[in-house]
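# Architecture and fold: a report
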Amino acid sequence: MSVTLHTDLGDIKLELFCDQAPKSCENFLALSASNYYDNTLIHRNIRGFLVQMGDPQGTGKGGTSIWGRKFSDEPHPALKHDRRGTVSMAGAGADSNGSQFFITYACQPSLDGTYGVFGRVIDGEETLAAMERVEVGKKYRPVEEIRLKSVTIHANPLADPSCIQ
């Protein structure tokens, strides 16, 4: 299963790990299909660490899951923050996943077991590199707005039962 994030700086294609992280993928795909992420701010950008998005309020404190509540973490022993371009749910502690997610700019083993990996970047490294170069201000917010304009789902998730819990 793959999706493309369309941002102001270009596109990033992701492979999703529906078998290993079914709840995270179901949530992400359903939110994407409902246009939930359309025109949302990329609100946190820390060079060498990660870029975070998925909060419709643009503050880094908002967003909800498709279930209307936080959902539990899905750490999987085979999925690690072992490279640039790892995609994980972003939460405020254990079992606090909603709509926000992040993409790593480098290997981040300290995040393993705390944040559930549900995908990887498979195309769009030049866009990820452009994001990493963006100037940031307080709280690592980009000085000039960057938006996640839309998400394209490249396969029908209903046709792949492993993506539906």
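Position labels on residues start from 1 in each chain and follow its written sequence. Only residues with pLDDT of at least 70 get local features here, since the model is predicted, and only at 80 or more are side-chain atom pairs given and counted; chain-wide, interface and lining totals rely on the full set of residues. To get the side-chain values, take all heavy atoms of the structure and skip hydrogens and water.

Take the pattern of salt bridges next. For this analysis, a salt bridge means a side-chain nitrogen from Lys or Arg found within 4 Å of a carboxyl oxygen belonging to Asp or Glu. Summed over the entire model, instances satisfying the criterion amount to 5 salt bridges. Note that R120 and D82 form a salt bridge whose closest N and O atoms lie 3.4 Å from each other. Of the two residues, R120 is situated in strand β8 (residues 117-123) and D82 in the loop between β5 (50-53) and β6 (86-89); the sequence distance between them amounts to 38 residues. Taking the relative accessible area as the measure of exposure, R120 reaches 9% and is therefore buried. Per-residue accessibility, obtained with a 1.4 Å probe over protein chains only, is compared with the maximum for each type, and a residue is labelled buried under 20%, exposed over 50%, and partly exposed between these values. Residue classification places D82 among the partly exposed positions, given a relative accessible area of 37%. A run of H or I in DSSP counts as a helix once it spans at least four residues, and a run of E counts as a strand once it spans at least two, with each numbered from the N terminus.

Bringing unusual backbone geometry into the picture now. The backbone phi angle of N39 is positive, close to 60°, even though this residue is not glycine. Along the chain, N39 falls in the loop between α1 (22-33) and β3 (40-41). The phi torsion at Y140 lies on the positive side, around 60°, for a residue other than glycine. Locating Y140 in the fold gives a position in the loop between α2 (125-133) and β9 (147-153).

The subject of this paragraph is the nonpolar core. Within this scheme, the nonpolar core is defined by two criteria: the residues are buried Ala, Val, Leu, Ile, Met, Phe, Trp, Tyr or Cys, and they are joined through side-chain atoms within 4.5 Å. If you look at the biggest cluster of nonpolar residues, it comprises 28 residues, and the most contacted ones within it are L5, L16, F28, F101 and F118. For this core, the elements supplying multiple residues, two or more each, are β1 (2-7), β2 (10-16), α1, β5, β6, β7 (101-104), α2 and β9. If sequence neighbours within four positions are ignored, L5 has contacts with G10, D11, I12, L14, F28, M53, F101, I103, L148, S150 and V151. Only heavy atoms matter for contacts: two residues are in contact if any of them lie within 4.5 Å across the pair.

Interpretation in functional terms is not warranted from these geometric data alone.
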